[in-house]
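Observations on chain architecture
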Amino acid sequence: MVTEVGRVSRANACILLQPNQSLSSSGNLWVFISLLAVSFGISAAFALAGAWMILPFAGLEMLLLGIVLFYVYAEGSRREVIRINGERVVLDCSRGHREQSVYHREFERDSLVVLVRIDSDTEPASISFSGPEGCLEIGDFLTDAERAALVEKLSQCGIFARRERGYSLLEL
């Protein structure tokens, strides 16, 4: 999702990027508990019928399901905040409900180049901030339509994108 948190003027804005997470942590827990109860109920019935070797595999299956649900929730809790002020563009990425900072990058607004790689005719495939400070892909979890909305919001703030059919990294 692309959300404009606040805009004071064309030169000052804050844009929040986050994945669309439809299930909360308590919702994930309820899904896991219900699947755990169903799986162990079925495996207990088979164990009572004499197929006791089902129980370890059901336990392994539930362990793997728990790991996958935790990973999906952790990836869904990512946040990228783009703060645009008069002279600088600041990109902060955090993860988790405690908002642990993963990285913080500042770009000079005058030297910032926004690269948009286009795969199809209309939708952007990736968006990168590039400048003397380095190159960084942003919003890799966004859908194509959300990337297009981000490019539009950046252009409303006076940061225009350069569209490319494809670009590659040069090894120096």
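What comes next concerns the included structure. Everything numeric in this text was worked out from a predicted model, so none of it was measured.

Attention now moves to the overall build of the protein. From N to C terminus, the protein includes three helices and nine strands. Reading the secondary structure of the protein in the N-to-C direction produces β-β-α-α-β-β-β-β-β-β-α-β. Scored against the burial criterion, the 172 residues of the protein give a buried share of 32%. Looking at the protein as shown, the accessible area adds up to about 10,600 Å², and 61% of this sits on carbon and sulfur atoms.

Next up on the list: the state of the cysteines. Tallied over the full model, the rule gives zero disulfides. As a non-bridged cysteine, Cys-14 has Cys-157 as the owner of its nearest cysteine sulfur, 10.0 Å distant.

Bringing the nonpolar core into the picture now. Ranked by size, the top nonpolar core spans 24 residues in total, and within it Ile-82, Phe-129 and Leu-150 carry the most contacts. Of all the secondary-structure elements, those providing two or more residues to this core are β2 (13-17), β3 (78-84), β4 (88-95), β6 (113-118), β7 (124-131), β8 (134-138) and α3 (144-156). Leave out the neighbours within four places in its chain, and Ile-82 touches Ala-13, Cys-14, Ile-15, Leu-17, Val-89, Val-90, Leu-91, Phe-129, Ile-138 and Leu-150.

Before going further, it helps to examine the packing of helix α1 (residues 25-48) against helix α2 (residues 54-76). Helix-helix packing is characterised by the crossing angle of the two axes and by the distance between the axes. Interhelical geometry of α1 versus α2 gives an angle of 170° and a closest axis separation of 9 Å. The orientation of α1 relative to α2 falls into the category roughly antiparallel. Within the contact between the two elements, α1 uses Ser-25, Asn-28, Phe-32, Leu-35, Leu-36, Ser-39, Phe-40, Ser-43, Ala-44, Phe-46 and Ala-47 and α2 uses Ile-54, Leu-55, Ala-58, Gly-59, Glu-61, Met-62, Leu-65, Gly-66, Leu-69 and Tyr-73. Looking at the contact of α1 with α2 residue by residue, the classes come out as 14 nonpolar, six polar and one charged.

Turning our attention to a nonpolar patch on the surface. Taken together, the side chains of Trp-52, Met-53, Phe-57, Leu-60, Leu-63, Leu-64 and Ile-67 define a hydrophobic patch exposed on the protein surface, amounting to about 780 Å² of accessible area. Under the relative-accessibility criterion, Leu-64 is labelled partly exposed at 49%.

Let us now look at the packing of aromatic side chains. One pass over the structure, following the stated rule, counts one aromatic pair. Their ring planes at 90° and their centres at 5.8 Å tell us that Phe-107 and Phe-129 sit as a pair that is edge-to-face. One end of the pair, Phe-107, is in strand β5 (residues 100-108); the other, Phe-129, is in strand β7, with 22 residues separating them in the sequence. Considered together, Phe-107 and Phe-129 belong to a single accessibility category, that of buried residues.

Turning our attention to the pairing of β3. The buried fraction of β3 is high, at five of seven residues. Here β2 runs beside β3; their pairing, made up of five bridges, is antiparallel. Across the sheet, residue Cys-14 finds its bridge partner in β3, namely Arg-83. In terms of strand pairing, β3 meets β4 through seven bridges, oriented antiparallel. Looking at β4, one finds that Arg-83 is bridged to Val-90. Between β3 and β4, which pair antiparallel and follow one another directly, the connecting turn spans three residues.

Turning next to the pattern of salt bridges. Using the criterion set out here, one finds eight salt bridges in the structure. The partner of Glu-4 in a salt bridge is Lys-153, and the shortest N-O contact between them spans 3.8 Å. One end of the pair, Glu-4, is in strand β1 (residues 2-7); the other, Lys-153, is in helix α3, and 149 residues separate them in sequence. Salt-bridge contacts for Arg-88 lead to Glu-106; the nearest nitrogen and oxygen are separated by 2.7 Å. Here Arg-88 is found in strand β4, whereas its partner Glu-106 is found in strand β5, with 18 residues between them in sequence. Look at Arg-88 and you get partly exposed, because its relative accessible area is 24%. Overlapping salt bridges bring together Glu-75, Arg-78, Glu-80 and Asp-140 as one network.

Scoring rules and cut-offs
Residues numbered from 1 in each chain as written. Predicted model: local features only at pLDDT ≥ 70, side-chain atom pairs only at ≥ 80, totals over all residues. Heavy atoms only, no water. Helix = DSSP H or I, 4+ residues; strand = E, 2+ residues; numbered from the N terminus. Buried < 20%, exposed > 50% of the residue type's maximum accessible area, 1.4 Å probe, protein only. Areas by Shrake-Rupley, 256 points an atom, 1.4 Å probe, with all protein chains shown as cover. Disulfide = S-S within 2.5 Å. Core = buried A, V, L, I, M, F, W, Y, C linked by side-chain atoms within 4.5 Å. Contact = heavy atoms within 4.5 Å. Axes fitted to C-alpha atoms, helices over the stretch in contact; angles between N-to-C directions. Parallel < 35°, antiparallel > 145°, perpendicular 65-115°, else oblique. Nonpolar A, V, L, I, M, F, W, Y, C, P; charged D, E, K, R; others polar. Patch = residues over 30% accessible without salt bridge, like charges linked within 9 Å, V, L, I, M, F, W, Y side chains within 5 Å. Salt bridge = Lys/Arg side-chain N within 4 Å of Asp/Glu carboxyl O. Phe/Tyr/Trp six-rings, centres within 6.5 Å; stacked < 30°, edge-to-face > 60°. Pairing = 2+ DSSP bridges.

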